Amino acid sequence: MKLPNPSKTSHFKADAGPGADAALLDAATFYSDSHNDLPLLERVAHPVAVNADPELAAIAAARGWPQLRIGPGQARELHARRQAGG
């Protein structure tokens, strides 16, 4: 198993500015397909496993996190709906 890469949380903190990261993460939803993103999934309010690798799928099931299986066409449709506010 690869060690998690902390770069995503580091980049988020740099982009959000000092003091902003905790409040943003406490209200955030984060979607991931990889167990490598576990540190950020554990930190946000709403973690979601999407087309998860086997390790993340097992962790998500154990923790009761939502899991989605979507294909390329579905991803575009979901993105369009979200952009439209639905």
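Above this text you will find the structure in question.
Residues numbered from 1 in each chain as written. Predicted model: local features only at pLDDT ≥ 70, side-chain atom pairs only at ≥ 80, totals over all residues. Heavy atoms only, no water.

All right, on to the pattern of salt bridges then. Counted by the stated rule, this structure contains three salt bridges. For Arg-43, the salt bridge goes to Asp-26, with nearest N and O atoms at 2.6 Å. Here Arg-43, found in helix H3 (residues 38–43), pairs with Asp-26, found in helix H2 (residues 20–27); they are 17 residues apart in sequence, far enough to count as distant. For the salt bridge of Glu-42 with Arg-63, the shortest nitrogen-to-oxygen distance reads 2.8 Å. Taken together, the residues span a long stretch of sequence, with Glu-42 in helix H3 and Arg-63 in helix H4 (residues 54–63) at a distance of 21 residues. The exposure class assigned to Arg-63 is partly exposed, which follows from its relative accessible area of 42%. (Salt bridge = Lys/Arg side-chain N within 4 Å of Asp/Glu carboxyl O. Helix = DSSP H or I, 4+ residues; strand = E, 2+ residues; numbered from the N terminus. Buried < 20%, exposed > 50% of the residue type's maximum accessible area, 1.4 Å probe, protein only.)

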